[in-house]
Amino acid sequence: MKTAEKRHALQALAFLAAAAAFFWWGLLAPRGTVFQLYDRDRHQVVFETDIRSGDRLRLEIEHSFEHIPWFEFYTVTDDLQFNLDAIAVAGYGAGIPAEMDVPTRVEGGLVWMEEINSLFPRFSWITSAKYMKGLALNGEEVFDFRSLPDASRIRGEIIMKRGYLS
């Protein structure tokens, strides 16, 4: 092979390597994780925020029959699932777990059931404009479910974002 041919071959190889690296960076490189609420009927994302392992979510609802506050507390696991840590509810009644084999205490007018450790890969909710209240991330309210149409079919999940050009 002549020197000019070698140089052209090396230039072509360098171009292909640079193109492959750009393609990977632009479309495939892990960019981070987001928590996403997706409306399954309207086929659209209604909320999205950055999230990572160790973050904490709090769901606030009102029990539809007892009309008492109900809170669920989740931690994002290392494998990006939702661990149900605790439930706090203002009493017992229809549909409220009363005999869970977990530590239970009463504080601030709420019955706390802790160390539940139930894993959820995603959430699937049918929302209520009246009874489903808010979602907090690390103590800050980030979404109000009452902003959605009643009976919205919402999926909540953690999505790995890829590529810096998308």
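Residues numbered from 1 in each chain as written. Predicted model: local features only at pLDDT ≥ 70, side-chain atom pairs only at ≥ 80, totals over all residues. Heavy atoms only, no water.

Draft legend 1. The pattern of salt bridges, seen in detail. In the structure shown here, the tally under the stated rule is ten salt bridges. Salt-bridge contacts for Glu107 lead to Arg105; the nearest nitrogen and oxygen are separated by 2.6 Å. With a relative accessible area of 47%, Glu107 lands in the partly exposed category. A residue is classified by how much of its surface remains accessible, and Arg105, at 29% relative accessible area, is partly exposed. Connected through salt bridges with shared partners, the residues Arg105, Glu107 and Glu114 form a single ionic network. (Salt bridge = Lys/Arg side-chain N within 4 Å of Asp/Glu carboxyl O. Buried < 20%, exposed > 50% of the residue type's maximum accessible area, 1.4 Å probe, protein only.)

Draft legend 2. Structural detail: the packing of aromatic side chains. Evaluated as defined, the whole model comprises eleven aromatic pairs. Taking 6.0 Å as the distance between ring centres and 80 degrees as the angle between the ring planes, the aromatic pair formed by Tyr74 and Phe120 counts as edge-to-face. On the criterion of sequence distance, the pair formed by Tyr74 in strand E4 (residues 69-76) and Phe120 in strand E7 (residues 110-120) is long-range, its members being 46 residues apart. Tyr74 gets classed as buried once you look at its relative accessible area, which sits at 5%. For Phe120, a relative accessible area of 28% puts it in the partly exposed group. Grouping aromatic residues by their ring pairs yields a cluster made of Phe35, Phe47, Tyr74, Phe82, Phe120, Phe123, Trp125, Phe143 and Phe145. (Phe/Tyr/Trp six-rings, centres within 6.5 Å; stacked < 30°, edge-to-face > 60°. Helix = DSSP H or I, 4+ residues; strand = E, 2+ residues; numbered from the N terminus.)

Draft legend 3. Inspection of the sheet that holds strand E10 (residues 140-144) at higher detail. Within the open sheet, the seven strands sit side by side as E6-E7-E5-E4-E3-E9-E10. Their pairing is antiparallel. With one partner strand each, in any of the chains shown, strand E6 (104-107) and E10 form the two edges of the open sheet. With direction set aside, neighbouring strand axes in the sheet form an average angle of 25 degrees. In this structure, strand E3 (residues 56-62) lies alongside strand E9 (residues 132-137), joined through four bridges in antiparallel fashion. Following the sheet pairing, Ile61 is matched in E9 by Met132. (Pairing = 2+ DSSP bridges. Axes fitted to C-alpha atoms, helices over the stretch in contact; angles between N-to-C directions.)

Note that every value here comes from positions in space, so none of it alone points to a role or purpose.
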